[in-house]
Amino acid sequence: MSQAATKHKTIAPSTLQLAPPLKWAGGKRWLIGALQELYSPYHGTRLVEPFAGGLAVALGLNPKKALLNDRNPHLINFYKHLAAGLRVKGKLLNERKFYLRQREKFNNLIQKKKATSAEAAQIFYFLNRTGFNGLCRFNSKGEFNVPFGRYTHINYRPDFLEYASLLKRWTFTCKDFEQLNVRDDDFLYVDPPYDVEFTRYAQHDFTWEDQQRLVEWLRGQSCPIVASNQATERIIKLYKKAGFKVQLLPAPRRISCTGDRSPALEMLATRNF
Ligand SMILES: C[S@@+](CC[C@H](N)C(=O)[O-])C[C@H]1O[C@@H](n2cnc3c(N)ncnc32)[C@H](O)[C@@H]1O
């Protein structure tokens, strides 16, 4: 990578902010300072996140109005129940046997098409906190198949009442990003799954064609847009070509697949500001 990382003023996330309730891959809590700088002049406007994931950004920016979308139906079901005041029933145990029983129960609910219940939301929370690395993976039959995580200690929440009043103000949807209706007076933050330029694995659920489809869709939006992604050569080229202003920031993860331990670079791209 020939381009140098931009020095960016980083504001530490406020201690008053609620931490994301789940573990979620690609969480952007570390980017809140930079995003706050961009969002603060627009604070009254609706925040739209087509890839809301673990909610690190919505909880960090704390908008009055938000449209939060993700294609993962279990995630969105969990947030809808959180907004309705989800309480944890029974005792949650960080034990292998208990975990496998809960996983089976969750898969039965999926099979019986009852995965939108409060019970499914509670089990999803338990599996996320207890399973290996907070992963969310399904086999070809659509069954959740993440192994037990072996954490020494887990603080399970007895309820999520702190989240309820906040999440009630926001709208949650579960669609492909392209089906969202974004208005000219919105503020759009997009954080798709990372582009992985060189990989031996062909099966990626967000392909290079999806990255291109996203940028094409963004070109049709006229509100302020912020996009983040792994700063690969082709991603930078794609966003620059679409008229985005691009900066590079050091990310808190390392380039490890090549044995190189230097910090990975994140792209932060802006348009219509
Ligand atoms: C990098 S994560 C977002 C992380 C989030 N910004 C956070 O801070 O927690 C990307 C998310 O995109 C979702 N996703 C993948 N493909 C999608 C699609 N076509 N439309 C909408 N969401 C999608 C995934 O389920 C995942 O939660």
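I will try to describe carefully the structure that is included in this document. Note that the coordinates shown come from a computational prediction; the quantities given were computed from them, not determined experimentally.

## Some details on the packing of helix α7 (residues 208-219) against helix α8 (residues 233-241)
Link 1 in the chain: Two elements in contact, α7 and α8, have axes whose closest approach is 10 Å; the angle formed by their N-to-C orientations is 20°. As far as their axial angle goes, α8 and α7 are roughly parallel. You can see that α7 and α8 cross each other, and the crossing is right-handed. Between α7 and α8, the residues in contact are W208, Q211, Q212, L214, V215, L218 and R219 and R234, I235, L238, Y239 and K241, respectively.

## Focus on the nonpolar core
Link 1 in the chain: L55, F78, Y79, L167 and W170 are the most contacted members of the largest nonpolar core, which totals 53 residues.
Link 2 in the chain: Contributing elements (two or more residues each) for this core: α1 (32-39), α2 (56-61), β2 (66-69), α3 (73-83), α4 (96-111), α5 (118-130), α6 (161-168) and β4 (187-190).
Link 3 in the chain: Per element, the largest residue contribution to this core is seven residues, and it comes from α5.
Link 4 in the chain: If you count residues domain by domain, this core takes at least three from each of domain 1 (29-71 + 166-271) and domain 2 (88-158).
Link 5 in the chain: Ignoring sequence-local partners within four residues, the contact set of L55 consists of L68, Y79, L167 and F172.
Link 6 in the chain: Formed by 26 residues, the second largest nonpolar core is a distinct cluster that contains F51, F206, I225 and I235.

## A word on the packing of aromatic side chains
Link 1 in the chain: The final tally for this structure, using the stated rule, is 23 aromatic pairs.
Link 2 in the chain: Ring geometry for Y42 and F187: centres 5.6 Å apart, planes at 50°, overall tilted. Note that Y42 is positioned in the loop between α1 and β1 (47-49) and F187 in strand β4, a separation of 145 residues in sequence.
Link 3 in the chain: A relative accessible area of 2% means that F187 is categorised as buried.

## Quick look at the environment of A227
Link 1 in the chain: For A227, the location among the structural elements is in strand β5 (residues 225-230).
Link 2 in the chain: The exposure class assigned to A227 is buried, which follows from its relative accessible area of 0%.
Link 3 in the chain: With near-sequence residues (within four places) excluded, A227 lies in contact with V190, Y239, M267, L268 and A269.

## Looking at the site of the ligand
Link 1 in the chain: Near the ligand lie 22 residues; those nearest to it are K28, G54, D70, D176 and D191.
Link 2 in the chain: One of the backbone N or O atoms of K28 is found 2.8 Å from an oxygen atom in the ligand.
Link 3 in the chain: Here a nitrogen atom of the ligand and a backbone polar atom of F177 are 3.2 Å apart.
Link 4 in the chain: Burial of the ligand by the protein chains amounts to 92% of its free accessible area of 610 Å².
Link 5 in the chain: For the shell around the ligand, the residue count by class is 11 nonpolar, five polar and six charged.

## So, the side chain of H74
Link 1 in the chain: Relative to the helices and strands, H74 resides in helix α3.
Link 2 in the chain: Excluding residues within four positions of it along the chain, H74 makes contact with F106, I110, A115, F124 and F138.

## Topic: α3
Link 1 in the chain: The buried fraction of α3 is high, at nine of 11 residues.
Link 2 in the chain: Among all positions of α3, only H74, L75, I76, N77, F78, Y79, H81, L82 and A83 are buried.
Link 3 in the chain: Residues of α3 that are buried make contact with β2, α4, α5, α6 and β3 (171-173).
Link 4 in the chain: The residue sitting at the N-terminus of α3 and contributing the capping side-chain oxygen is N72; that oxygen lies 3.0 Å from the backbone nitrogen of H74.
Link 5 in the chain: Just downstream of α3, G85 is the residue with a positive phi angle, here 90°.

## Some remarks on the side chain of R46
Link 1 in the chain: Relative to the assigned elements, R46 resides in the loop between α1 and β1.
Link 2 in the chain: At 2.8 Å, the side chain of R46 forms a polar contact with the side chain of D186.
Link 3 in the chain: For R46, the residues in contact, after removing those within four places along its chain, are K65, A66, L67, N181, R183, D185, D186 and F187.

About the criteria used
- Residues numbered from 1 in each chain as written.
- Predicted model: local features only at pLDDT ≥ 70, side-chain atom pairs only at ≥ 80, totals over all residues.
- Heavy atoms only, no water.
- Axes fitted to C-alpha atoms, helices over the stretch in contact; angles between N-to-C directions.
- Helix = DSSP H or I, 4+ residues; strand = E, 2+ residues; numbered from the N terminus.
- Parallel < 35°, antiparallel > 145°, perpendicular 65-115°, else oblique.
- Left-handed = near helix turned anticlockwise from the far one by under 90°.
- Contact = heavy atoms within 4.5 Å.
- Core = buried A, V, L, I, M, F, W, Y, C linked by side-chain atoms within 4.5 Å.
- Buried < 20%, exposed > 50% of the residue type's maximum accessible area, 1.4 Å probe, protein only.
- Domains from an automatic or database assignment.
- Phe/Tyr/Trp six-rings, centres within 6.5 Å; stacked < 30°, edge-to-face > 60°.
- Near = heavy atom within 4 Å.
- Polar contact = N/O pair within 3.5 Å; in protein donor to acceptor, adjacent residues only side chain to side chain.
- Areas by Shrake-Rupley, 256 points an atom, 1.4 Å probe, with all protein chains shown as cover.
- Nonpolar A, V, L, I, M, F, W, Y, C, P; charged D, E, K, R; others polar.

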